Amino acid sequence: MSRPPTSPPPCRASSQRRGGLSERSRETGRQGEDLAAAHFSRLGFTILARNLRSAQGEIDLIAADESVIAFVEVKTTRLKSRGANGMTQAPLERLSARQRHRLRGLALDWLRERAAGCPRAETIRFDAIGVVIDARGELLALEHVENAW
């Protein structure tokens, strides 16, 4: 049985630290999520929540415009040097079936429990964003797949 997110309230922007990751990995993930959030803002979306955690997992971003609510999984890769070709796997290749299934459940929980002031949408979709940054944290590539699953 799925449990609703425990905190923060569903329509309040938030950012929480993830446990079990190195500080460098957390920083890389945060940078990727910042770039993904900025990308959605440029597309005219409002970020409703970031790093929304529950006992079941985390939703990286929830973004909405006038007709769409997008539940977004962000995968970020940091290259060791600017011209590095040593990347063996594109960020989105790390998105597993298990993660997609988990995100669907988390989204359903959020939709059931959201506050009355949260927007309604004609379309609910699951997007994936793959971000590649260099050693200095500068954006090298951003791939946005709408309706990824």
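That block above? That's the structure.
Residues numbered from 1 in each chain as written. Predicted model: local features only at pLDDT ≥ 70, side-chain atom pairs only at ≥ 80, totals over all residues. Heavy atoms only, no water.

Asker: Now, about the side chain of T77: what can you tell me, with residues and values included?
Answerer: Among the secondary structure elements, T77 is positioned in strand β3 (residues 68-78). Looking at T77, the relative accessible area reads 12%, which means it is buried. Separated by 2.8 Å, the side chains of T77 and R94 make a polar contact. (Helix = DSSP H or I, 4+ residues; strand = E, 2+ residues; numbered from the N terminus. Buried < 20%, exposed > 50% of the residue type's maximum accessible area, 1.4 Å probe, protein only. Polar contact = N/O pair within 3.5 Å; in protein donor to acceptor, adjacent residues only side chain to side chain.)

Asker: Any chance you could break down the sheet that holds strand β5 (residues 139-145) for me, citing the residues and the numbers?
Answerer: The five strands lie next to each other as β1-β2-β3-β4-β5, forming an open sheet whose pairing is mixed. Edge strands, defined here as strands with exactly one partner in the open sheet, are β1 (46-54) and β5. For this sheet, the mean angle separating the axes of adjacent strands, direction not counted, is 25°. Inspection of the sheet shows strand β2 (residues 57-64) paired to β3 by four bridges, in the antiparallel sense. Within β3, the residue paired with A63 across the bridge is A70. With respect to the sheet, helix α1 (residues 23-42) is in contact with β1, β2, β3, β4 (123-133) and β5, its orientation differing from that of β3 by roughly 140°. The strands touched by helix α2 (residues 97-113) are β1, β2, β3 and β4; relative to β3, the strand with the most contacts, the crossing angle is about 140°. (Pairing = 2+ DSSP bridges. Axes fitted to C-alpha atoms, helices over the stretch in contact; angles between N-to-C directions. Contact = heavy atoms within 4.5 Å.)

Asker: Got a sec to walk through the environment of S54? Specific residues and values, please.
Answerer: Here S54 lies in strand β1. For S54, a relative accessible area of 10% corresponds to the buried category. Through-space distance from the C-alpha of S54 to that of W110 is 9.9 Å; in sequence the pair is 56 residues apart. A polar contact is formed between the side chain of S54 and the backbone nitrogen of Q56, at a distance of 3.0 Å.

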